[in-house]
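This is what each chain is made of:
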Amino acid sequence: MDKFVIRAGRAAASKIIDSSPTSSTSTCSAVKDASALGNCDDATANDISVQKQNTAESGKRGRSYQEQWKEKYGWIIYDKSNDKVFCSVCQEALSSGAPMPKKSSRDEETIKAYTQTGFSSWNKALERFAAHEKSEVHRFCCTRKKAIDDGVNVHALISKGKINEMKSARAALLRMISSLRYLMVQGLAIRGHVDENSNYRALLALVAEDNTDLASWLQRSKYKWLSHDVTNELGSIMAHEVLKHLVKLVKDRDAPYFSVLIDETADVTNHEQVSICFRFVDDDFEINEVFFGFYKTESTTAETLKNILRDVLTRFDIDIKFCRGIATDGAANMTGALSGLQAKIREIEPRVIQVHCLAHSLNLVVQEAMKVQSTVRDYLATAKDLITFVCASPKRQAMFESLQMSDDDTLDNVTQTHRLRPFCPTRWCCRISSLKTIIQNYEELVLFLTEIEGTDRSDVGAKVNGFLKHLQSFEFIFMSCFLIKILDPVEMLNAALQSSSLHLQMAMNNVDNTKELIQSYRTDEHFDEVWNSSLGMAEKYQAGEPEQPRMRQVPKRYDSGAQPTRFLSPKDYYRQIYYQVVDTVINSIDDRFTQASTSHLKHVESFLLRKNKEDEDQDYVTTFYKDDFDSNRLILHRDMLLDILKSKSVSPKHFGDLVEYIKANENIRELIPEVVKLIKITLTIPVSTCTAERSFSRLRRLKTYLRNSMTQVKLNDNAIMHVYRKLGNLLDLSFVADTFIKRASVRRNTFYLGT
């Protein structure tokens, strides 16, 4: 029993000694407590004596207060009764009633520790004393004490100095924001592989050479307020200000109707990005299409795209009941009559007019025309392979460019004006320009292939021999001249349809004019023109004579008895190809450009101009738009407009003429507000998705192989600032700075808040 009590006494003594302050008084107390548990033998007394000695030695190593600390830090006040250390300078400043600077929770803890509760963490005393001496709180108190000793008005001195310091910090912040805006507007990378080599910090260092406030700020606070989070926050503030302006344009109008343009593509990381744009008409009848951002999605089903669109509308507080049109491509998930995106949107708002992008429709027209005849398909395949053969090898391309150069040319001029253009894999209309470069460089191509054929004895030589044989045939020359003549108007129409300010009636006029022009080519006169120019070119470059293809002998087991078509002459054979392609283009234009949107436009145009079947058109418009208009007022205002036009001897032929007249005569708009509203709604109907597709070009410039890890929020912020450069450059940087400063108390105490 005695042995058990002795062991317990030793354990209790050891525990008390370890947990109590390392002073002789506490040690003795621990010994007394241990003795109370039982009679201790000599071994126990020796153990306790050793622990006392170790405790005293540990105090000398920093476990208790040391008098020599006061020699280094003269501001120390030691309270023996509580075993605490206080700061005399900070206590004096606090007792004087001056407001202490509280920039963070750590500063508040410092003020409390050295002025109220006291400091007693002896194991880290020297480290903590050094940190306190360098702190903003201690420096503030030293400045105050010096001012009191000199008899200066302390509050005025500190207030003035602090304000000047904050104003200098604000000036530096404005330069930081302007540098960040420059990088975002120009679409340049903000960060680098490491932050020290980033464009942002390099630009700040350059600006600091001519700005003393920024130079002193960067020198005083090394890279402070330049973290990724702060940079992203500043960029978001600027992008949100631009978006606010765009939302205001869409919503704050007399007729807040809009249409949606939506398309998707894959970015460099192979993630699907949905681009959403809005189309609206302002009070001056000017058509605007604005880009509202990219939205990453894992699925492109109609339901997913509908949810994305609803989320965007909700986020920007735009009511879908004012949507009057949607433009998409021809994919089934977009245009499906039962389960496509347009069908789901029309379930919510039945007044939405769906438009299959007219530029996409024209692309399909060219695709059908170039695939209708085997001779045309073979020609296009040969032209594509020929351009790829020349451009795929740097050695061959350099050789070809040297043949293009004349005595007065330089290599730069050659590559810019006469360079072969590869075929675009998706845009068939752009392939016409590729065919033009072949004709422009026909002589150089023949010379280039001839030289390679004579020097290359490998498998490439056989390919070159085949290219040369095709190139010097009459068929190749005829197909080049013929397709360029027929499809050149289509290329110009494609460029016209990409305008964001084009309304549907103007677009259809351009389509009809192009169709009439191509129809005029369907004559022997125009065919003879192409035929004679092909013969002249073949004679000039010593190409082959025109000939019919050899008739293939059909095996008897497949012979149905039908005789193959035979032509009297090669000219008749090429005439048949000519007419077949022309007819395909004309018929395809009729099929592709007959949509519900064009039919709707005809009804509106017939109603406004009071053409034939007035009752049907009137019933259609009033029934379709329902409560958008007061039917009686709409008819009355229509009649008033027609009377005004008649009195002025103006007779518009179509909807576009009516729009131009109202745009030019502002004084009549107040007389016919219902007609003005109908015209604006009709102008809102989109023509193409080219604005959304143009945003994909910006996407490829922003999210690249070297910048593929940016978040979706940062991608959108950079895209908005880059797309709307003018709005970004017009931002009020002082407002951006104030917005940033007001979000945290530490910012309000660091930067001066503008008035």
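Preceding this section is the structure that the text describes.
Model, not experiment: these values are computed from the prediction.

K.L.:
Can you tell me about helix α11 (residues 212–220), naming the residues and giving the values?
P.N.:
Inspection of α11 places Leu214, Trp217 and Leu218 among the buried residues, and these make up the whole buried set. Each buried residue of α11 sits inside an arc of 95° when the element is viewed along its axis, so together they form one side. Along α11, the residues that are exposed and aim more than 90 degrees away from the buried face are Thr212 and Gln219. Backbone nitrogen of Asp213 and a side-chain oxygen of the N-cap are separated by 3.2 Å at the start of α11; the cap is Asn211.

K.L.:
Explain the packing of helix α12 (residues 228–251) against helix α33 (residues 712–723) residue by residue, including any values.
P.N.:
Packed helices, taken two at a time, are described by their axes: the angle between them and the distance between them. Put simply, α12 and α33 touch, their axes get as near as 9 Å, and they point 50° apart. The pairing of α12 with α33 is recorded here as oblique in orientation. For the crossing formed where α12 meets α33, the hand is left-handed. Two secondary-structure elements touch here, α12 through Asn232, Gly235, Ser236, Met238, Ala239, Val242 and Leu243 and α33 through Val713, Lys714, Asp717, Ile720 and Met721. Looking at the contact of α12 with α33 residue by residue, the class counts come to 7 nonpolar, 3 polar and 2 charged.

K.L.:
Can you break down the packing of aromatic side chains residue by residue, with the values?
P.N.:
This structure, assessed with the given rule, holds 41 aromatic pairs. With 5.8 Å between their ring centres and 90° between their planes, Trp75 and Phe129 make a pair best called edge-to-face. Taken together, the positions of Trp75 in the loop between α4 (69–72) and β1 (76–79) and Phe129 in helix α7 (residues 125–134) put the pair 54 residues apart, joining distant regions of the chain. Here Phe129 falls in the buried class, since its relative accessible area comes to 0%. Here the aromatic rings of Tyr578 and Tyr579 are separated by 5.6 Å at their centres, their planes lie at 75°, and the arrangement is edge-to-face. Look at Tyr579 and you get buried, because its relative accessible area is 16%.

K.L.:
Requested: an account of the pairing of strand β4 (residues 272–281), with residues and values cited.
P.N.:
Here β4 lies mainly inside the structure; 9 of its 10 residues are buried. Bridge count between strand β3 (residues 258–266) and β4: 9 bridges; the pairing is antiparallel. Among the inter-strand pairings, Asp263 is bridged to a residue of β4, identified as Ser275. Strand direction decides the pairing type here: β4 and strand β5 (residues 287–297), joined by 9 bridges, are antiparallel. Its bridge partner being in β5, Gln273 is matched across the sheet by Lys296. Once β4 ends, the chain turns through 5 residues before running back antiparallel as β5, passing Phe285 with a positive phi of about 65°.

K.L.:
Requested: an account of the sheet that holds β4, with residues and values cited.
P.N.:
One open sheet holds the 5 strands; their spatial order is β5-β4-β3-β6-β7, and the pairing between them is mixed. Only two strands of the sheet have a single partner each, and these edge strands are β5 and β7 (353–356). Between one strand axis and the next, the sheet turns by 20° as a mean value, whatever way the strands run. With respect to the sheet, helix α13 (residues 302–315) is in contact with β3, β4 and β5, its orientation differing from that of β4 by roughly 50°.

K.L.:
Talk me through a negative patch on the surface; I want residue IDs and the actual numbers.
P.N.:
A surface patch of negative charge is lined by Asp378, Glu475, Glu539, Glu545 and Glu547. As for its position among the elements, Glu539 is in helix α25 (residues 524–540). When its relative accessible area of 65% is taken as the criterion, Glu539 is described as exposed.

K.L.:
Describe the pattern of salt bridges, and please don't skip the residues or the numbers.
P.N.:
Going through the model one piece at a time under the given rule, you end up with 30 salt bridges. Measuring nitrogen to oxygen at the nearest pair gives 3.1 Å for the salt bridge that ties Glu233 to Arg743. Of this pair, Glu233 sits in helix α12 while Arg743 sits in the loop between α35 (733–741) and α36 (745–750), placing them 510 residues apart in sequence. Look at Glu233 and you get buried, because its relative accessible area is 19%.

K.L.:
Tell me about unusual backbone geometry, residues and numbers included.
P.N.:
Although it is not a glycine, Arg610 adopts a positive phi angle of roughly 50°. Mapped onto the elements, Arg610 comes out in the loop between α27 (596–608) and α28 (614–625). The backbone of Lys626 sits at a positive phi, close to 50°, despite the residue not being glycine. With respect to the helices and strands, Lys626 occurs in the loop between α28 and α29 (631–647).

K.L.:
Tell me what's going on with the environment of Thr523, and back it up with residues and numbers.
P.N.:
Positionally, Thr523 belongs in the loop between α24 (504–520) and α25. The spacing of Thr523 and Tyr578 is 55 residues in sequence and 9.9 Å in space, taken between C-alpha atoms.

K.L.:
So, the nonpolar core: which residues are in play, and what are the values?
P.N.:
In terms of nonpolar packing, the biggest core is built from 107 residues, with Phe482, Leu483 and Ile679 touching the most fellow members. Of the residues forming this core, the biggest block, 14 residues, is contributed by helix α23 (residues 474–497). With residues up to four places along the chain from it excluded, the contact list for Ile679 reads Phe285, Leu608, Phe655, Leu658, Val659 and Ile662. Judged by nonpolar contacts, the second largest core, of 77 residues, contains Leu218, Phe291, Ile308 and Leu313.

K.L.:
Run through the pairing of strand β2 (residues 84–87), naming residues and quoting values.
P.N.:
Where β1 and β2 come together, 4 bridges link them in antiparallel fashion. In the strand pairing of β2, Tyr78 is matched with Val85. The turn joining β1 and β2, which pair antiparallel and follow one another in sequence, is formed by 4 residues; a positive phi near 55° is taken by Asp83.

Procedures and definitions
Residues numbered from 1 in each chain as written. Predicted model: local features only at pLDDT ≥ 70, side-chain atom pairs only at ≥ 80, totals over all residues. Heavy atoms only, no water. Buried < 20%, exposed > 50% of the residue type's maximum accessible area, 1.4 Å probe, protein only. Helix = DSSP H or I, 4+ residues; strand = E, 2+ residues; numbered from the N terminus. Arc of directions from axis to C-beta. Polar contact = N/O pair within 3.5 Å; in protein donor to acceptor, adjacent residues only side chain to side chain. Axes fitted to C-alpha atoms, helices over the stretch in contact; angles between N-to-C directions. Parallel < 35°, antiparallel > 145°, perpendicular 65-115°, else oblique. Left-handed = near helix turned anticlockwise from the far one by under 90°. Contact = heavy atoms within 4.5 Å. Nonpolar A, V, L, I, M, F, W, Y, C, P; charged D, E, K, R; others polar. Phe/Tyr/Trp six-rings, centres within 6.5 Å; stacked < 30°, edge-to-face > 60°. Pairing = 2+ DSSP bridges. Patch = residues over 30% accessible without salt bridge, like charges linked within 9 Å, V, L, I, M, F, W, Y side chains within 5 Å. Areas by Shrake-Rupley, 256 points an atom, 1.4 Å probe, with all protein chains shown as cover. Salt bridge = Lys/Arg side-chain N within 4 Å of Asp/Glu carboxyl O. Lys, Arg positive; Asp, Glu negative; His and termini not counted. Charge placed at Lys NZ, Arg CZ, Asp CG, Glu CD. Core = buried A, V, L, I, M, F, W, Y, C linked by side-chain atoms within 4.5 Å.

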